[in-house]
Structure formats: structure tokens, C-alpha cells
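# Report on the structure
Here's the letter readout for the chains.
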Amino acid sequence: QVQLVESGGGLVQAGGSLRLSCAASGHAFNYYVMGWFRQAPGKEREFVAGIKWTGRNTNYADSVKGRFTISRDNAKNTMYLQMNSLKSEDTAVYYCAGRPAVANIPAAHSEYVYWGQGTQVTVSS
């Protein structure tokens, strides 16, 4: 069993930056594929970024490429999402998610087993 807790959300002006963290408890985190998703009001939950257990393989949604960076520190059981050049359309609840290792990083939320409670990110224009 893995428990995930996000932190770092908040209110920021357009063009600003935020860093989200996802702290994991439980065994086998080091071997899990981890991902960040977001959900805006009235919209489907969408994939933002994912990372394999080595940290060397990552994947991003086109909408955040070049602005967001996903990383993980397995020694601290923590994953991060550095968000730069934030836009109003990035406003959403951000969730971290995890699943046992697979060959490719899934973008479908149904592929993930464990979820955090979410953290609100609001970007004012």
C-alpha cells in the first residue's frame, strides 16, 4: 500500500512559478511509475507529466512541455513538479499518482492505482 500527499499549491500571478511536492509512504516507491494529473472545474482529469523509477525517463503533456519539470528523489520518497511560466489555464487541482512499474509511462488516469488528495493551484492573470 502506498499513500501519497501533495503540497506546494497556492495562488500565483501569471508568469510566476510554483513547486509541487508529493510525499509517498509505503514500500516499493522506488520502483513505481509516478505521475502528475490536474483537473479544472467542469473538465476531465488530464495527464500533466510522468516519470519512471530511475528518474531518467519522463513524459509531458504538450501543454506543459518546456515550462514544467518532473523529478523524483527516491531517497526521500518524494516526487516534484516544478512549474514555471504559469498561465491562467494551468489553474486546477493537481494530483500525484503512482502505479507499479511498466514499460511505458501511462497517460490515462485509469492506469494509476494510488492517488493523493490533491492541491489547488490558482494562476491569476
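Counting restarts for each chain: residues are numbered from 1 in the order of the written sequence. Selection of residues for local features in this predicted model requires a pLDDT of at least 70, selection of side-chain atom pairs for listing and counting requires 80 or more, and totals for whole chains, interfaces and linings are taken over all residues. Side-chain numbers here rest on the full set of heavy atoms in the structure, without hydrogens or water.

### Points about the overall build of the protein chain
- Counting its regular elements, the protein chain contains zero helices and 11 strands.
- Listed N to C, the secondary structure of the protein chain is β-β-β-β-β-β-β-β-β-β-β in terms of helices and strands.
- C-alpha atoms define the radius of gyration, and 2.2 Å times the number of residues to the power 0.38 defines the globule rule. Here the C-alpha radius of gyration of the protein chain, 13 Å, is about what a compact globule of 125 residues would show, namely 14 Å.
- Taken along the three principal axes of its C-alpha coordinates, the protein chain extends 40 × 25 × 25 Å. Under the scheme used here, helices are H or I runs from DSSP no shorter than 4 residues and strands are E runs no shorter than 2 residues, and both carry numbers assigned from the N terminus.

### Topic: the environment of Val-12
- Of note, Val-12 is situated in strand S2 (residues 10-13).
- The class for Val-12 is buried, based on a relative accessible area of 11%.
- We call two residues contacting when some pair of their heavy atoms lies within 4.5 Å. In this structure Val-12 touches Ser-17, Leu-18, Leu-86, Thr-122, Val-123 and Ser-124, once residues within four positions along its chain are discounted. Relative accessibility under 20% of the residue-type maximum defines a buried residue, over 50% an exposed one, and the middle range a partly exposed one, all with a 1.4 Å probe and only protein chains included.

### Some words on the packing of aromatic side chains
- Between 30 and 60 degrees the pair is tilted, below 30 it is stacked and above 60 it is edge-to-face, where a pair is any two Phe, Tyr or Trp rings, Trp via its six-membered ring, whose centres lie within 6.5 Å. Tallied over the entire structure, the rule returns seven aromatic pairs.
- Ring centres of Tyr-31 and Trp-53 lie 5.3 Å apart, and the angle between their planes is 45 degrees; on these two criteria the pair is classed as tilted. Of this pair, Tyr-31 sits in the loop between strand S3 (18-25) and strand S4 (32-39) while Trp-53 sits in the loop between strand S5 (46-51) and strand S6 (58-60), placing them 22 residues apart in sequence.
- Aromatic side chains Phe-37 and Tyr-112 sit 5.2 Å apart centroid to centroid with 75 degrees between the ring planes, which places their arrangement in the edge-to-face category. Here Tyr-112 lies in the loop between strand S9 (92-100) and strand S10 (114-115) and Phe-37 lies in strand S4, a separation of 75 residues in the sequence.
- Among the residues examined, Tyr-112 registers a relative accessible area of 5% and is labelled buried.
- Taken together, the ring pairs in this structure connect Phe-37, Phe-47, Tyr-95, Tyr-112 and Trp-115 into an aromatic cluster.
- Residue placement shows Arg-19 over the ring face of Tyr-80; its charged tip is 4.0 Å from the ring centre.
- Note on criteria: charge over ring means Lys NZ or Arg CZ within 6 Å of the ring centre, with the direction from the centre no more than 35 degrees off the ring normal. Over the face of the ring belonging to Tyr-95 we find Arg-45, whose NZ or CZ atom lies 3.8 Å from the ring centre.

### What about the environment of Glu-46?
- When you line up the elements, Glu-46 lands in strand S5.
- Along the chain, Glu-46 and Ala-24 lie 22 residues apart, while their C-alpha atoms are 21 Å from each other.
- Excluding its chain neighbours within four sequence positions, the residues that come into contact with Glu-46 are Trp-36, Phe-37 and Arg-38.
- Whenever two N or O atoms come within 3.5 Å, that pair is a polar contact, provided that in protein one can donate a hydrogen and the other can accept it, and provided that, for residues adjacent in sequence, both atoms are side-chain atoms. Within the local environment of Glu-46, its side chain forms a polar contact with the side chain of Arg-38, the two groups lying 2.6 Å apart.

### Some details on the sheet that holds strand S7 (residues 68-73)
- Taking strand neighbours across the sheet as the criterion, the four strands line up as S1-S3-S8-S7 in an open arrangement whose pairing is antiparallel. The open sheet has two edge strands, strand S1 (3-7) and S7, and neither has a second partner. For this sheet, the mean angle separating the axes of adjacent strands, direction not counted, is 15 degrees. At least two DSSP bridges between two strands are required for those strands to pair. Axis lines are fitted through C-alpha atoms, for helices just across the contact stretch, and the angle between N-to-C directions can take any value from 0 to 180 degrees.

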